[in-house]
Each structure stands twice: as C-alpha cells, then as structure tokens.
Amino acid sequence: MSGQAGFSRRRFLQVIAGTAGALIVGIRAAEAADAAPIPPDMLGDNLSSLGAYVRIDQDGGVLIGARDPDTGTGVATSLPRIIADELDADWLRVRVVPLGLGVINNNGAPRWLYGQQVGGTGNSIPRAWHDLRAAGALARTLLLQAAAQQLGVPADRLRVEKGTVIAPDGRRLGYGQLAAAAAKISPLPSPIPLKAPDHYTLIGQPAGDIDALGIVTGRTLYSLDQHFGDAVVAVLAHSPWVDGTLDQLDKAPALAIKGVLDVIELKPDPKLPPGQTVIAPAVAVIAETTWLALQGRRALKLNWKPGASGSESTAALEQQATSLLGSDSAPTTRVRDDGDIDKARRKAARRVDATYYQPWLAHAASEPMNCLVNIDKNGALLYVPSQSPQQAYSVVQRLTGLAPDQIDIRLSRIGGGYGRRLDHDYVAEAVLLAQAIKKPLRLFWPRDEDLAHDYYRSGCVHQFSAIVDAKRHVIAWNQRVASASALTGRGVSSDRLWTSEVSVNQLPAGFVPNYRSDWFSLTSSIPRGPHSGMPDVTNAFAADCFIDEIAHALKEDPLDTRLRLIGDPRLVPLQGGGAIDTARLTNVLKLVADRINWKDWLRSVNGLGLACWYINGAYVAHAIEVSMQNDKLTIERVVCAVDVGRVINPKGLENQVAGATLDALSNALNPAITVKDGKVQQSGWKDYPLASMAQLPNSVEVITVPGEGDPAGASFIAMPSAAPALANAVFRVSAVRVRRLPLMKEWLRLL
Amino acid sequence: MAQDHAVPAQTGEITPVAIRPGIDLEINGERYRHTGDPQMPLLWYLREVLRLDGTKYAGEHGEGGSDLVLVNGKAVSSIGVPMSKLSGKQVVTVEGLADSKGKLHPLQQAFIDEDAIGCGYCTPGWLIASMDLLNRHKDPNDGDIDTLPNLCRCGCQTRVRSAIKRAAGVMKQGAKA
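Bear in mind that the values here come from a model prediction, so they are computed numbers and not experimental data.

The next subject is the overall build of chain A. Across its full length, chain A holds 19 helices and 33 strands. Taking 27 Å as the expected radius of gyration for a compact globule of 751 residues, we find that chain A reaches 28 Å, a close match to that expectation. By principal-axis analysis of the C-alpha atoms, chain A measures approximately 80 × 75 × 45 Å. Across the 751 residues that make up chain A, the buried fraction comes to 56%. Contacts spanning at least 24 positions in sequence make up 77% of the contacts within chain A whose residues lie at least 6 apart.

Listed below in structure tokens is the structure:
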C-alpha cells in the first residue's frame, strides 16, 4: 500500500512497503503519483526509481539516499545525518548511497524527482534543512505508531533511542522489527511534527566522512573508476583557441598504432552557451584503452590556426582595465550608489586610494574531466562527475533526443568541483563521440587539457578610493572594478553581467553613508565560468586589504578601524532581503583577534593580519601570523572563526573551513593563468603551482560560533577573508604592501 | 589458442603450450605476469588491466601525487614507471595497505580518525607518500612531513599532518607491545 503526506506544493512524501518487510519513505514529484507505480516487490535496491530518501530494513539496517553530489563538501555525510536525526536512527547502522539524477517523464518533459540537485554551490544544507527532515520524521512517526500497536502502549509514552523503541516498562522493539507494520499504517499522520532542537542526537555532533573507509582502502569509486565492460576510450586534443581551425591533421600515425580505432573531429555548436557544448574545436583519438589513446594523441600530426582570439593576452586585458578605470567613461553598470559620493569628496579630511590586481585562475580539480556513456536503443546511461546533474541531463537530452525516462545519469563521489563541474562541455563531447563510434565510451581529459581548456576566473582590477572625516569615520567609499564577466554568452542580459563579478551587498556596502560601486566590462574570448566563492573571493581581497590601508593612513590599529566601520550592534539591511547582523560580524572578528593575541599587534616581531567577510548568511573572520627570514615567508598561525547559524556536523564544518582557508591561501600564493597570443601558457600543475605542504601552515585553528538560526552552507565561506588576512600580515612583517596576486612573486619583486 | 583446441593432437598426448613470456611482479602480495606492452606505465596496468582503481591518475608527470604507489617500499609515481622496469619488484597500492584479513594499517585508521579527507581523490597518494615517509622516519617531525610531494585542492594538508603524527604514535606503541 502507499499513501501520501502533504509536503509541499510540488513534492509529496510517500510511504511504501518494500521487499522483505522494509519501510520506505520517499519524496516524489506530485505528478509522478499519477503514473503507474512500480510494484514494491520489483524495487529491490533501485531507490532512484522510487525517489526514496530512507529505507528501514527488517534487519534494522537503514539506507539513506544522498541527494546532492559530494565534491568534497561533506554533503554525503551531512544530508543523511539530517534525515537520520529526525528518524532517531543508529548512525552506525546507516548506509548512504549517492542518488543518481532523479528525473521522470512528464509528457515528454523532465520533472525533477528530488527538486534541485546541486553540489558545491553552498545551498545543499539550507535546502536540506528545509525539506529533508520531514522524510525522517514521517518514518519515525510511523515506526512509533507500529510500536504502540504492538506494545499496547500509547505512542506518546514511548521513547526512541538509536533505532530502538522503548516502552515505559522496559520492553524494546528495534526499527527492523517494526518496519513491515509501519509501512501498512493508514491513514498517514498529519501534520508530522519535527523535533525540538534539544532532542537532536546527531545534528550538532561531530561525524567523520561517511566514505572514509572506502577512500582509505581505495574502494570508493569516482566516475573515472566506473567501467562498462567494452567501453572504448577517447582522449582529446583541443585547439588552443576557442575560434581556432584545423591547419593540418594527419591521422595516419595515430591510426597506425594497434588498438587505436578512430580519430574524430569535434566542433563547438556556436548557437549554444558555453558549458553546454564542446569548449573548443578538438580532435579525439579513440582507442581500446586510455594508454593507447594517449599514445595516439601523441602521434597525431596536428596544427591549429588561431582565429580572432589569437591576438588576445591577459597582459593586454589588464591594460584595458587600467585605462578604463583611469578614464572618465561611464561604467558598464552602476551596481550601487548610496548617498552622494561627489558631495562627500568635497568634505574630505583625508583621502586614501589603492588599486589591486588579481590574476586569471583555473579550477584545477583533482579528478580531470571525464564521462562514461553508453547509448543504445533503450536509452543513455552515464556516469558523470557533475555538480549539477540536471544541467548534464539537458546536454544529453538535446544531443540524443531521448525521453526523460530514457536518460539515466549516475553520480559517484567527485574529485573536486569548485564550479568547474557546473559546466558540461565534457558531457557533450562524450555523447557526440559515443554517437559517432556507436560504442560505449569513456571520455578522458589528460591534465594538460584540463588546465589549458577551462572556464577560467577572470583576472580583475579593483580601484578603490575612500574619504575619511576628521573623526576617522569612512564617509565615502568609491569602488571601480573591471573584469570579464563569467556570465557572458550564458543567457544573462547585459545589465546583469556584473552579478558574477561584484555583489551589491558586499562589505562595506551599507556601512558607509556614501558608497558607490561601478563595474566595467572587459571583452575577452577566453572561456569563463562559475568559480566557488565568487564574486566574494576577489572583492574581499581588495576590500579587506584596503581597510588595512585606511588604518595605516590613519596610523591606527586595523582592528579599531574595522570595529568602527562595522559600528554598533544592529541589523544592516541587504538589498534583496535579509540583513547583516553586525554583532555577529564583530563577534567573529574579536574571536580571531583574541585567539591570535592581537594586543601584541604593534610589538610582535611576526606580522599579524586580519580580515572579515559576510557571505551567503555566514560570518567569517581570519587572523594570520607570518614570520620573515630574509626572503622566506612562513605562515606561522592561522585562526578562523565562523558563524553559520546551526551547525549540522561540527567536524565537517571545521574541515570545510580549514580546507577552504588552505585552498584560498594556495590560490593567493603562487598560481596564475596567463594568456599570450590567445593561448593559455600553463599546461600542468608544474607551471600552475598549487601550494606545497611546506608552504602551508601546520594547522588551522577553527572557532565555531554556536547558533540556532537556520544553517548556512559551509563549503567555501572561509575562502574570501583568508588571502587578505595573509596580505595584511605580510605588510606588517615586511612593510611591503602586496596589491597584486599571486602574492609570492609580487612580494619578492617589491622586497 | 582456439585453433589448438579445434585440432586435437592425434597421438592423444597433451601438447604443452609455451608459457607466454612476460614481466613477473608482485602486487599487494599477489603474483602477476604482464604480457602486454612492456612500455605500458604501471598506472594503466593497475587501472585498466587489473582494475585496481584506488591509484588515481594525477597527470602525465604525476603532478600532485595521486598516482603514487610503493615499489619495494619506496613511493613512486606509477605513471612514470613502465612495466619493463618492474620485473621481480614488489608493488603496494592503496588497496594493499590493509593486512590480508582486512585490518587497516594504523596510517589508514589515523586518516579516518583525523578525517584527513577532502574529496578523497588525492587521498590514496597521500597515504602512499606517508607510508614511504614512515618507512624512513619512525617519528617524523614537521620538517620531514613538509617534504611530501602531494598536492590537494580541498586543503586537507593540516589533517594529513595530524594523521601522520597520530599513526607514528600508534606504530611506536605497537612496536613496544
């Protein structure tokens, strides 16, 4: 039998009696309920066709489907714990399976079974908090009612402990014993109460990564580790220029290698936005194995001719930015204009100016782009390392014309995303090649392709000017930013291209009475796309360094400058809704300052630096201590305080915060993507140097502020304030103000 | 081979089939003979022939270290070593770190206990490099740990450092007992 509990307008909780007496509670699209249900006996472990979130088996085992792809963000652990807590499950009996894309056929159009399915964009936890708890709560309510019937005791006199229902007289029934009866309860209880926070057993308690054992034994499979028995392998050589054309191609030396099957040309579809089609013209070598395909690629005699983009360079783009910002030309968009900047300028007691330069960056995900695909008369089956399987679906659907229920997209754990896997050019390539060769196929990008053919983060120039009055208050803040928008060509209207580059609410907007934010668009054909932590990362670097420069101009402690700028405890409204709670911002700032002994700021031989930021509902501050011996910089200490509201998994949060801190420091210290004659000059991690163990601090001290508000996502919130805290500490220890990243190169140049 | 069976020897005797020449090596305690291209890098032998997928592709030059394996106890980039150089060698991959009964090595347990995992793609390489380090230094200090060649985009380095120290402590205790 099955029944439904009201859940939301679009989706319903559904209860099914599974095979062998299991209780299954799932979430289905409302429309799906009208379709003929799959007989429960046929379901087996195939949760994806049910849309199940939780299944309780007769042996007491609990299986939970994790909805959002885990790229290292910890959602495969934290989302199931949100459900398991409401269920009062024994976490040691919980197994987690990554759910594939949940899609059903709604008269030929796709209907998403689980709502939004996205990883690494910072909203998995807020969405899960909103909708996943009900699945666990419903299962728990049904199990309690079944226990009440069997024990002859009213449900409200029973208590639950780790998957066992306990009666007042001490009689105990495990969830497994109750599952079959619970699945038959009708009608379903409504409304389903959610727990009061003081009854949480898992939420707020630390848990290690659910896949840890599989990972340390090499058993956890990534997309690249999935196999179809007879799949061939495609390795690509892309044109260095997105508008390049083939000048010379001699396939013969590649085809002469035994096991090399074919050489196929691919071209982008100019009608499609970036990320939905091939990234640049390419030649694919198809072979029986990866090793043979790589040899085939090496053997190709291949030359490309540049198109118009062949004259581009990152150096010229920076010059274009500098001259735009130095001119009187109107900005592409006036993002915000509070008060009257021009009037405030006339009252200037002191004016501070600075310009910051940040380079182009790659995603450099550990697991290179890949996709395993099989297309036959029944449909398409794909393993895709995607942060957004619904986007991957639309790429597959467009190329194959298959119906929604013929496209099966499976997700494994993913070797890093950082925004790169929100785009699906590699999926388009895999599908096109599988169609051409009519065989199951694995697409594999070697490292050099991965780094040289990315949707990069644009380099940017921030020109800041502030007016400080006689009472040391910043009364005007004028910021002019030039960059190439990540949204160009992606169906975003030209007056909204700035949204990937600056935020209307970024600090100190709302804290300075006369505030202006202008954005200038740079034109470039270098591919660009989403990057985790953007636009906060580049803007926080510039703004948090600039506040330090204001403090220096005022000859005062930068902590005092910051605290004065933040001001008294109050709510500063955000455009578009919500508000910044200044008390929470001040709190994280003071926490890191106390921990790093900020009172020694003036006397310390080592340099101390601070920065703080507000991002996606979270408050974050960094304090960093660096030492200097001749031309050697050492990051001695890093402290980070975060306030994300309620913490789901403190250990997971700490890992995300420490990890994002190290990643942001790594990105700031060394690497840059440079383009010359339209060609990316970096081809591997050797010339795109991520920080080594030795360059990074030995520990990151994370302070978590306890909270009760709805939880914010945590995956990249600690990125924005890390690099400016470092640059501010470097200034303190060396008296060299680094206004250009990567930091090490510039610091050594200025030293 | 099929032909050998199709035409049975008329004498009724079994004709011995010549042993296929190849490269004999030991991987995770088991003996293997590679009969394919001697120039094939170990990485592709592990992943595509044996489907031991724990060792991850790092880059054409092993950048980042996720393709490290132990060859005779030393960490080696598996894409950089052709099968021809492995005759008689003992190879250990991440799948071979636990003992034959599946009991985790203290280093694996320490990685779990310290949650020294981001996306996990580079973790096998960190484990192998750390094993190599612990083979050389029973009690590695921060300077020793700084020499690890691995890279990680998720920022798990501080937890790896803690895990190595934890494992060294556990192994010292184990040696005393």
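The rest of the description comes next.
A separate point is the overall build of chain B. Check the secondary structure of chain B and you find 6 helices and 5 strands. From first element to last, N terminus to C terminus, chain B shows the α and β order α-β-β-α-β-β-β-α-α-α-α. Since a compact globule built from 177 residues should have a radius of gyration of about 16 Å, the 20 Å found for chain B marks it as more spread out than a globular shape. Taking the principal axes of the C-alpha coordinates as reference, chain B spans close to 70 × 40 × 25 Å. By residue count, 49% of the 177 residues in chain B fall in the buried class.

Our focus in this paragraph is the sheet that holds strand β9 (residues 159–161) of chain A. Residue and element names in this part refer to chain A. Reading across from one edge, β9-β10-β11 is the order of the 3 strands in this open sheet, with antiparallel pairing throughout. Two strands bound the open sheet, and with one partner strand each, they are β9 and β11 (172–174). Taken pair by pair, the neighbouring strands of this sheet meet at an average axis angle of 30°, ignoring direction. By the bridge criterion, 3 bridges tie β9 to strand β10 (residues 164–166) in an arrangement that is antiparallel. Across the sheet, residue Glu 161 finds its bridge partner in β10, namely Thr 164. The strands touched by helix α5 (residues 175–182) are β10 and β11; relative to β11, the strand with the most contacts, the crossing angle is about 70°.

Below, the discussion takes up the domain arrangement of chain A. Residue and element names in this part refer to chain A. Taken as a whole, chain A is organised into domain 1 (2–211), domain 2 (223–307 + 369–444) and domain 3 (314–361 + 456–750). Using only C-alpha atoms to locate each centre, domain 2 and domain 3 end up separated by 37 Å. Facing the 13 residues of domain 2 at the interface are 12 residues of domain 3. Each residue belonging to the side of domain 2 that touches domain 3 can be placed in one class, and the counts come to 9 nonpolar, 2 polar and 2 charged.

All names here are of chain B. In terms of strand pairing, strand β3 (residues 68–71) meets strand β4 (residues 74–77) through 4 bridges, oriented antiparallel. Residue Val 71 lies in a different strand from β4, and its bridge partner there is Lys 74. Between β3 and β4, which follow one another and run antiparallel, lie 2 residues, and Asn 72 among them has a positive phi close to 50°. Here β3 runs beside strand β5 (residues 90–92); their pairing, made up of 2 bridges, is antiparallel. Within β5, the position partnered with Val 71 by the bridge is Val 91.

Right, let's get into the sheet that holds strand β23 (residues 460–468) of chain A. Residues and elements named next belong to chain A. Taken together, the 5 strands give an open sheet; going across it, the order is β17-β25-β24-β23-β18, and neighbouring strands pair in mixed fashion. Of all the strands in the sheet, just β17 (333–338) and β18 (350–358) have a single pairing partner and so form its edges. Within this sheet the neighbouring strands show an average axis-to-axis angle of 10°, counted without direction. Sheet analysis places β23 next to strand β24 (residues 474–483), joined by 9 bridges and oriented antiparallel. Across the sheet, residue Gln 463 finds its bridge partner in β24, namely Arg 480.

What follows is about the interface of chain B and chain A. For interface size, the figure often reported is the accessible area lost on association. Counting from both sides, the interface comprises 43 residues of chain B and, opposite them, 51 residues of chain A. Among the elements of the structure, α2 (42–49), α3 (106–113), α4 (123–136), α5 (142–146) and α6 (157–176) of chain B are those that each provide at least two residues to the side of chain B that touches chain A. Tallied by class, residues from the side of chain B that touches chain A come to 19 nonpolar, 13 polar and 11 charged.

Here we take up helix α4 (residues 133–151) of chain A. With 19 residues, α4 of chain A should cover 27 Å at 1.5 Å per step; its first-to-last C-alpha distance of 27 Å lies within 8% of that length. Gly 152 of chain A sits one or two positions beyond α4 of chain A and adopts a positive phi of about 70°.

All names here are of chain A. Here α4 crosses α5 at 95°, and the two axes come no closer than 8 Å. Taken as axis vectors, α4 and α5 run roughly perpendicular relative to one another. The residues of α5 that touch α4, namely those facing Leu 142, Leu 143, Ala 146, Ala 147, Gln 149 and Gln 150, are Tyr 175, Leu 178, Ala 181 and Ala 182. Tallied by class, the residues present in the contact of α4 with α5 amount to 8 nonpolar, 2 polar and no charged.

Following the UniProt record, one finds the feature "domain: [2Fe-2S]-binding" (unreviewed entry) at residues 93–165 of chain B. As a span, residues 93–165 of chain B carries 49% helix and 0% strand, and end to end its C-alpha atoms are 21 Å apart.

This part covers unusual backbone geometry. In this structure, Pro 508 of chain A follows Leu 507 of chain A across a cis peptide bond, with omega equal to 0°. Residue Pro 742 of chain A follows Leu 741 of chain A across a cis peptide bond; omega there is 0°. If you trace the backbone, Pro 742 of chain A turns up in the loop between α18 (722–734) and α19 (743–750). Even without being a glycine, Arg 51 of chain B presents a positive backbone phi close to 55°. Looking at the secondary structure, you find Arg 51 of chain B in the loop between α2 and β3. Although it is not a glycine, Asn 72 of chain B sits at a positive phi angle of roughly 50°. Take Asn 72 of chain B: it is sitting in the loop between β3 and β4.

Criteria and cut-off values
- Residues numbered from 1 in each chain as written.
- Chains lettered and ligands numbered in written order.
- Predicted model: local features only at pLDDT ≥ 70, side-chain atom pairs only at ≥ 80, totals over all residues.
- Helix = DSSP H or I, 4+ residues; strand = E, 2+ residues; numbered from the N terminus.
- Rg over C-alpha atoms; globule rule 2.2 N^0.38 Å.
- Buried ≥ 20, exposed ≤ 12 C-beta atoms within 10 Å, placed from the backbone.
- Contact = placed C-beta atoms within 7 Å.
- Pairing = 2+ DSSP bridges.
- Axes fitted to C-alpha atoms, helices over the stretch in contact; angles between N-to-C directions.
- Domains from an automatic or database assignment.
- Nonpolar A, V, L, I, M, F, W, Y, C, P; charged D, E, K, R; others polar.
- Expected span 1.5 Å × (residues − 1).
- Parallel < 35°, antiparallel > 145°, perpendicular 65-115°, else oblique.
- UniProt positions renumbered as here; feature names shortened; annotations may be inferred.

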